[in-house]
Amino acid sequence: MFLAKLAVRRPVLTTMMIMLFVVVGFRGYRDLAQELMPEIEFPFVMIQTIYPGAGPKEVESQITQRIEDEVFSVSNLERMQSRSSENLSFIFLEFELGADEDLKAIEVKDKIERIRAELPDDAEPPAVFKFNPTDEPIMQLAVSSPRSLEETYRIADEKIKDQLAKIEGVSSVDIVGGREREIRVALDRYALRAYGLSVADVLMAVTAENVDFPVGRIISTQNELSLRLQAKYANLDQIRDVLVPTPHGTQVYVRDVAEVIDTYAEPRTQARYAGREAVSLEIQKKSEGNTVAISANIQKEVAALQEILPSDIKIETVQDSAEYIVDSVRDATTSILLGILLTAGLLWLFLHDIRATFIASISIPAAIIGTFMPMMFAGFTLNVISLMGLGVSVGVLVANAIVVLESISLHIARGEPADEAAINGTTRVAIAVIASTATNLVVFTPIAFMQGIIGQFFKQFGLTVVFATLFSLFMCFTLVPMLAAAFFRQGGKKHELGAVKKFGDAWDKGYASLAGEYKRSIAWSLRHRWVIVLTAVVAFFGGVMLFGFVGSELFPQSDQNVVSVSVKLPAGTSLRKSDEVFQEIDKRMTEQFGQYIEAGLQSIGGTTRGVEEGNIVFKLIDSSERDLSAKQIVDRARPYLAGIPAAEISVGLSTHGPGQGLQVQVIGEDLAKINDYAEQLMAQMRQVDGLVDIRSDYVTGKPELTFVPDREQMAAYGVNTAMVGQVLRLAFEGEVKTRYKESDEEYDIRVQLQQDQRRVASDFEEMFLRIGDDYIPLSQLGDFSFSTAETEINRKNKRRMVTVNANVGSGTLGDRQSALETLIAKNIDIEPGYLLHFAGQSEFMAETFQYIFEALILAIILTYMVLAAVLESFIHPITIMLTLPLGLIGVSLALFLSGISLNMMSLMAVVMLVGIVVNNAILILDRVTQFRLEGLAVREALVEAAGERLRPIIMMNSAIAISLTPQIMGSGAEFRAAIAMVTIGGVLVSTFFTLYLIPCVYTAFDRFAKPPRARDM
């Protein structure tokens, strides 16, 4: 073996090469960013259009549908969803994975530009930008003080927000709560009528007088002088003194028809922290930003701001993603180190030789540290997934070292010189080591390149294991034989102390007895092989049946020390009433779980939701200090909050709303039928045990006073509907056409009717419109009626859609979905043209499981091909791969006993087992081949080979199991435990069955195989 010879004959060169890898690896570890999960690129584009004063139906017809019709033809578009609400249109475009979202965003912009003239003039130009549905603020801050809320908002907006937005990596800082300063020109409609003016006349005059722009230049022979018209308002009196021309040829001051007020915009959001009014800052990072580094810089900036801000201004951290990331990465790293230590202890237990233990143990960290080098070059981060790959690798890494060390020890025991024993021992097992390493590579490489979002998610996991495995192979063929040759030069003496020697002798005696019994049992098994085969078959089907008691879900739920309560009140609920309900929820949660809660942040309203919606994020004390998990708090909180009248309350673990939910989309054309199906669906959901917080996103009931124009009457007066609508919107919604500047800050100037003239429905009915020189009552131009209106209209692929949501209170998502599907098939008759579609996590879970099963099949095929190439046989690779179903027995037992669901992580462990469980059979059959070449009969070769390989097999699989044990504990353990438990169960159970089944199957299949022949190394 060339590498072994080089390492033993040239130890200095080998040491320098290994040190180079280690040094660069340390550099890579230091430079790798820390994140909770790998960054996933979603080819999503969002279109946002603001249409001031428009209701959901108007937004749908005038904005959403027109844009949908145009962009639906963009290539590679998979699905399109839209939401039309008051003043806002959102359209979400999802493209095929791999599509360049930058190019798609450009295509979408070009499409929209073609129809820009068809959109309403008073609608803002549609904004097109890339969108990641998993993006959440990395940090939430609460700013509070005993000052007025307006003053607190001003300080947060002008002093804090701007400073935080400058931090490298910060994408945006959004403010929730507080009140924003606004200059309001509050018109008196009776004064307007007296002077013959309209709202538009005043708006035009106020806007025209507030200008500042260059008007040219004067060029002389020697110099050049720029000219500027500077007429921006310097104070509010200048606004009051603006002259407005009347139709009668006179002019009146703005102060004669309006009151100019320095006030605040009508509040549409509100925030409370720890029960007191506050301002919330939600900080979003750029996609390439380092969460931990950004968080640290934010905390430094906050500390600096606290030094210069007034002492009564408090900035408190409500939620910081970096805390959980740091804890998870630290615990994952600690688990790896513990795994290495436990593995070293296990090796010493078997070898009771500190030298051999040191050799095997040093190869593990050397391989892991070297792995950080390609991780750095590949642009990976230190996250739960990549560190899980390293954690899984520990047992695999030591397995190769054990096999090589065991072989070298046998050669030394035969009296060979240390140098020759190191080379010969490594060469003897090289085929087996290469074969087992190759199977790992062909398993984890498909994992790294799976399709779909899941492929991006596990790319770092798969390639990290590949990198670690390659470094392990390199260390086994260089570092291990080099150290063995150096440490065993004294004839193999172990230099054991008396107590250690006694323990070693007792252990060896016990193992020799075990090996003897095993060889005798193998001989019996070969004589009664159908008993062994039948036992394995029965155990396999029993394991498969056990899967029926294991639920399925997408992700294991994690405790991030946060509980979120989402609240939706009836449409039309005022901000004040919403605030009262939110305070009641906060009070109840504090009364019931106060000992676990640090503080709660209430957020009501916002850019994308009305004042009847919001959420409360409760920051919990650390999980190590609680006797209840976050999940238990969630389960107990649901019934406690259920008694709040008229409130749809949903409780979960996510920082921005509950997760792990069941989501069903009802799609069709007729909204009445869609809603009827949604009601039937909710009735069926209520019959499924474990489904809670059942709700529909179809909400009506917002009171609406509607004006229906009489077009013939309007034509008689010479006006059209658009003109009337514009006048009404100016009067009641108001309009901002210009801004007031003060101390480098600008504030909106809003022109609208006085508040006391737009307070009740009769103010709308008694509105007068100026037509020519006359004022006509609005009632003469149409009819009024009271009705209820939709608050939001959702569409999917240009069809109407209603979504029904439910949280999974007990059980798993897969179980509850299966139960619901059964009830739907029995009790709901869906007409052609209508569709019930399981979306959200259900859809993603189905897609994810499909891709994982595809990776599993590919791994099995590639493993067979590698084994066939290495063993030069088409038959015995089948013999070896019969160990795969044996691993499923252990998988089902591990899931059933641990209570872990069949999820994305546990399924990934099943794929991993393809490359692990075959290693036992490879070791046995490789030695069988060698014995047969030496002249032994098949049965004798099997008994001898199984007995000789028993020790490394037990050591290998015990090392894998014990190295993964620490992964079950600590922050983020919910993700790691799923992989660790499945791997441990699969490895241990398959090992037991492999030791007996493989020799029996070998004798049955060998008659179809060609006799083994010698191979050159």
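All of these numbers come straight from a predicted model, not from anything done at the bench.

**Quick notes on the overall build of the protein**
Now for step 1: Along the protein, the regular secondary structure elements total 33 helices and 30 strands.
Now for step 2: Sorting the 1017 residues of the protein into buried and exposed places 54% on the buried side.
Now for step 3: At a minimum sequence separation of 6, the contacts of the protein that also span at least 24 residues come to 79%.
Now for step 4: Here the protein carries 93 positive and 122 negative side-chain charges, and the mean point of each set is 9 Å from the other.

**Quick look at the sheet that holds strand 12 (residues 258-264)**
Now for step 1: Pairing is mixed across the open sheet formed by four strands, whose spatial order is 12-7-24-23. The sheet is open, and its two borders are formed by strand 12 and strand 23 (735-742), each paired with just one other strand. Taken pair by pair, the neighbouring strands of this sheet meet at an average axis angle of 30°, ignoring direction.
Now for step 2: One ladder, built from five bridges, connects strand 7 (residues 181-187) with strand 24 (residues 745-753); its direction is parallel. Looking at the pairing, Leu187 lines up with Leu753 of strand 24.

**Section: helix 22 (residues 671-685)**
Now for step 1: Between its first and last C-alpha, helix 22 extends 21 Å over 15 residues, near the 21 Å set by a 1.5 Å rise per residue.
Now for step 2: When we look at burial in helix 22, the residues that qualify are Leu671, Ile674, Asn675, Tyr677, Ala678, Leu681, Met682, Gln684 and Met685.
Now for step 3: Measuring from the backbone nitrogen of Ala672 back to the side-chain oxygen at the start of helix 22 gives 2.9 Å, which picks out Asp670 as the cap.

**So, the nonpolar core**
Now for step 1: Among the nonpolar cores identified, the biggest contains 194 residues, and Ile368, Ile447, Phe458, Phe461, Met685, Leu820 and Met905 are the most heavily contacted of them.
Now for step 2: Per element, the largest residue contribution to this core is 18 residues, and it comes from helix 13 (residues 384-413).
Now for step 3: Residue contacts for Met685: discarding those within four places in its chain leaves Leu662, Val664, Leu691, Ile694, Val804, Ala806 and Leu820.
Now for step 4: If you look at the next biggest cluster of nonpolar residues, it comprises 40 residues, including Leu192, Leu730, Ala731 and Ile749.

**A few points about the packing of helix 3 (residues 56-71) against helix 4 (residues 101-114)**
Now for step 1: For the pair helix 3 and helix 4, the least separation of the axes is 9 Å and the interaxial angle reads 125°. By the angle between their directions, the pair helix 3 and helix 4 is classed as oblique. Both helix 3 and helix 4 take part in a crossing whose hand is right-handed. Contacts from Ile67, Glu70 and Val71 of helix 3 reach helix 4 at Val108, Lys111, Ile112 and Arg114.
Now for step 2: Here the contact of helix 3 with helix 4 is composed, by residue class, of four nonpolar, no polar and three charged.

**Description of the pairing of strand 5 (residues 139-144)**
Now for step 1: Within strand 5, six of the six residues are buried, leaving the element largely enclosed by the surrounding structure.
Now for step 2: Here strand 5 shows a buried face lined by Met139, Leu141 and Val143 and a second buried face lined by Gln140, Ala142 and Ser144.
Now for step 3: Here five bridges tie strand 5 to strand 14 (residues 276-285), and the two strands are oriented antiparallel to one another. The partner of Ala142 across the bridge, within strand 14, is Ser280.
Now for step 4: The sheet contact formed by strand 5 and strand 15 (residues 314-320) spans six bridges and is antiparallel. Its bridge partner lying in strand 15, Met139 is registered against Asp320.

**Some points on helix 17 (residues 479-487)**
Now for step 1: Summarising burial for helix 17: seven of the nine residues are buried, a large majority.
Now for step 2: Within the span of helix 17, buried status applies to Leu479, Val480, Pro481, Met482, Leu483, Ala484 and Ala485.
Now for step 3: Tucked inside the fold, the buried residues of helix 17 contact helix 1 (2-9), helix 2 (11-31), helix 12 (354-377), helix 13, helix 14 (418-428) and helix 16 (452-477).

**Here we look at a nonpolar patch on the surface**
Now for step 1: Taken together, the side chains of Phe549, Leu893, Phe896 and Leu897 present a nonpolar region at the surface, about 470 Å² in accessible area.
Now for step 2: Among the secondary structure elements, Leu897 is positioned in helix 29 (residues 883-898).
Now for step 3: Exposure remark for Leu897: the relative accessible area of 70% places this residue in the exposed category.

**Here we look at the environment of Tyr640**
Now for step 1: Position of Tyr640 relative to the elements: it lies in helix 21 (residues 630-641).
Now for step 2: Sequence-distant contacts of Tyr640, defined by excluding residues within four places in its chain, comprise Arg588, Glu591 and Gln592.

**Examining the packing of aromatic side chains**
Now for step 1: Summed over the entire model, instances satisfying the criterion amount to 17 aromatic pairs.
Now for step 2: Ring geometry for Phe358 and Phe487: centres 5.8 Å apart, planes at 40°, overall tilted. With Phe358 in helix 12 and Phe487 in helix 17, this pair connects stretches of sequence that are 129 residues apart.
Now for step 3: With relative accessibility at 29%, the residue Phe487 sits in the partly exposed group.

**What about the packing of helix 20 (residues 575-593) against helix 21?**
Now for step 1: Running from amino to carboxyl end, helix 20 crosses helix 21 at an angle of 130°, the nearest separation of the two axes being 11 Å. Judged on the interaxial angle alone, helix 21 and helix 20 are oblique. Where helix 20 crosses over helix 21, the two elements pack in a sense that is right-handed. The segment helix 20 lies against helix 21, with Ile585, Arg588, Met589, Glu591, Gln592 and Phe593 engaging Ile633, Arg636, Ala637, Tyr640 and Leu641.
Now for step 2: Partitioning the contact of helix 20 with helix 21 into residue classes produces seven nonpolar, one polar and three charged.

**Concerning the confidence of the model for the protein**
Now for step 1: The predicted model of the protein averages 85 in pLDDT, with 96% of residues at 70 or higher.
Now for step 2: The model gives residues 655-659 a pLDDT under 50, and that stretch makes 22 contacts with residues more than four places away or in other chains.

**Thoughts on empty space enclosed by the protein**
Now for step 1: With the rule as written, the count across this model stands at four cavities of 30 Å³ or more.
Now for step 2: What the largest cavity holds in volume is close to 70 Å³.
Now for step 3: Considering the residues around the largest cavity, the lining is formed by Ala399, Asn400, Val403, Ala432, Val433, Ser436, Asn919, Ile922, Leu923 and Met956.
Now for step 4: Sorting the residues of the lining of the largest cavity by element identifies helix 13, helix 15 (430-448) and helix 31 (918-933) as the ones contributing at least two each.
Now for step 5: Tallied by class, the residues present in the lining of the largest cavity amount to seven nonpolar, three polar and no charged.

**Topic: the environment of Leu691**
Now for step 1: Along the chain, Leu691 falls in strand 21 (residues 691-696).
Now for step 2: Residue Leu691 is classed as buried on the basis of its relative accessible area, which comes to 9%.
Now for step 3: For the pair formed by Leu691 and Leu820, sequence separation is 129 residues and the distance between their alpha carbons is 9.6 Å.
Now for step 4: What Leu691 contacts, discounting residues up to four positions off in sequence, is Leu662, Met685, Ala806, Asn807, Val808 and Arg816.

**A word on the environment of Gln230**
Now for step 1: Along the polypeptide, Gln230 turns up in strand 9 (residues 224-231).
Now for step 2: Not counting the four nearest positions on each side in its chain, Gln230 is found in contact with Val211 and Asp212.

**Overview of unusual backbone geometry**
Now for step 1: One non-glycine residue, Asn76, lies in the positive phi region at around 65°.
Now for step 2: Among the residues examined, Asn76 registers a relative accessible area of 33% and is labelled partly exposed.
Now for step 3: In this structure, Asp693 takes a positive phi of about 55° despite not being glycine.
Now for step 4: Within the secondary structure, Asp693 is located in strand 21.
Now for step 5: The buried category is assigned to Asp693, whose relative accessible area is 17%.

**Some words on the pattern of salt bridges**
Now for step 1: Across all of its chains, the model carries 51 salt bridges by this definition.
Now for step 2: Note that Lys798 and Asp69 form a salt bridge whose closest N and O atoms lie 3.2 Å from each other. Of this pair, Lys798 sits in the loop between strand 28 (792-796) and strand 29 (799-808) while Asp69 sits in helix 3, and the two are 729 residues apart along the sequence.
Now for step 3: The exposure class assigned to Lys798 is partly exposed, which follows from its relative accessible area of 29%.
Now for step 4: Residue Glu792 pairs with Arg83 through a salt bridge whose shortest N-O separation is 3.6 Å. Remark: Arg83 occurs in strand 2 (residues 77-85) and Glu792 occurs in strand 28; sequence separation between them is 709 residues.
Now for step 5: Residue classification places Arg83 among the buried positions, given a relative accessible area of 18%.

**With respect to the side chain of Gln319**
Now for step 1: Mapped onto the secondary structure, Gln319 falls in strand 15.
Now for step 2: Within polar-contact distance, the side chain of Gln319 engages the side chain of Ser321 at 2.9 Å.

Conventions used here
- Residues numbered from 1 in each chain as written.
- Predicted model: local features only at pLDDT ≥ 70, side-chain atom pairs only at ≥ 80, totals over all residues.
- Heavy atoms only, no water.
- Helix = DSSP H or I, 4+ residues; strand = E, 2+ residues; numbered from the N terminus.
- Buried < 20%, exposed > 50% of the residue type's maximum accessible area, 1.4 Å probe, protein only.
- Contact = heavy atoms within 4.5 Å.
- Lys, Arg positive; Asp, Glu negative; His and termini not counted.
- Charge placed at Lys NZ, Arg CZ, Asp CG, Glu CD.
- Pairing = 2+ DSSP bridges.
- Axes fitted to C-alpha atoms, helices over the stretch in contact; angles between N-to-C directions.
- Expected span 1.5 Å × (residues − 1).
- Polar contact = N/O pair within 3.5 Å; in protein donor to acceptor, adjacent residues only side chain to side chain.
- Core = buried A, V, L, I, M, F, W, Y, C linked by side-chain atoms within 4.5 Å.
- Parallel < 35°, antiparallel > 145°, perpendicular 65-115°, else oblique.
- Left-handed = near helix turned anticlockwise from the far one by under 90°.
- Nonpolar A, V, L, I, M, F, W, Y, C, P; charged D, E, K, R; others polar.
- Patch = residues over 30% accessible without salt bridge, like charges linked within 9 Å, V, L, I, M, F, W, Y side chains within 5 Å.
- Areas by Shrake-Rupley, 256 points an atom, 1.4 Å probe, with all protein chains shown as cover.
- Salt bridge = Lys/Arg side-chain N within 4 Å of Asp/Glu carboxyl O.
- Phe/Tyr/Trp six-rings, centres within 6.5 Å; stacked < 30°, edge-to-face > 60°.
- pLDDT = per-residue confidence, 0-100.
- 1 Å grid on protein atoms, 1.4 Å probe; cavity = no way out; pocket = protein on both sides within 12 Å on 5 of 7 lines; lining within 4 Å.
- Points joined across faces, edges and corners; volume = space filled by probe spheres on them.

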